[in-house]
Amino acid sequence: MKFGDHGLKTPLRGTLAYNCLQSGKLPGPGAYSPADPKGKINGGKWGKHSAMSYIDTCLLKTRGIPGPSAYGAPKPAPINGGKFSISQSKSDIEWQMYRGQCIMTSTY
């Protein structure tokens, strides 16, 4: 099928004929002169922005996340039972006296 057989004024987009037509409208490599790269730059301003550090980025990301104190602490279970002994145990000397009495009476 030749261009123009389908009744359109321009070829269909994406076809080889369309690409050739578009590239014919653009200037060639030597048709214009680029700006002088050594030319003087008038004005301008250096940016004063400082990038965020890693810690600043982490703080920004975790700003909305609740911390440990945002939740209520569970109440501890009551401790029932148990009592410390109030008896007084014998000292080493008292045990030796008791043993001596048992040996003398032969009930040891």
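Residues numbered from 1 in each chain as written. Predicted model: local features only at pLDDT ≥ 70, side-chain atom pairs only at ≥ 80, totals over all residues. Heavy atoms only, no water.

1. Here's the deal with the overall build of the protein chain
- Each helix and strand in the protein chain was counted, giving 3 helices and 0 strands.
- Start at the N end of the protein chain and walk to the C end: the helices and strands fall as α-α-α.
- Burial status across the protein chain gives 3% buried among its 108 residues.
- Counting only carbon and sulfur atoms, one obtains 61% of the accessible surface of the protein chain, whose full area is about 11,400 Å². (Helix = DSSP H or I, 4+ residues; strand = E, 2+ residues; numbered from the N terminus. Buried < 20%, exposed > 50% of the residue type's maximum accessible area, 1.4 Å probe, protein only. Areas by Shrake-Rupley, 256 points an atom, 1.4 Å probe, with all protein chains shown as cover.)

2. What to know about the confidence of the model for the protein chain
- Averaged over the protein chain, the pLDDT score is 80; the fraction of residues at 70 or greater is 89%.
- Summarising per-element confidence for the protein chain, the mean pLDDT is lowest in helix H1 (residues 16-25) (83) and highest in helix H2 (residues 54-61) (93). (pLDDT = per-residue confidence, 0-100.)

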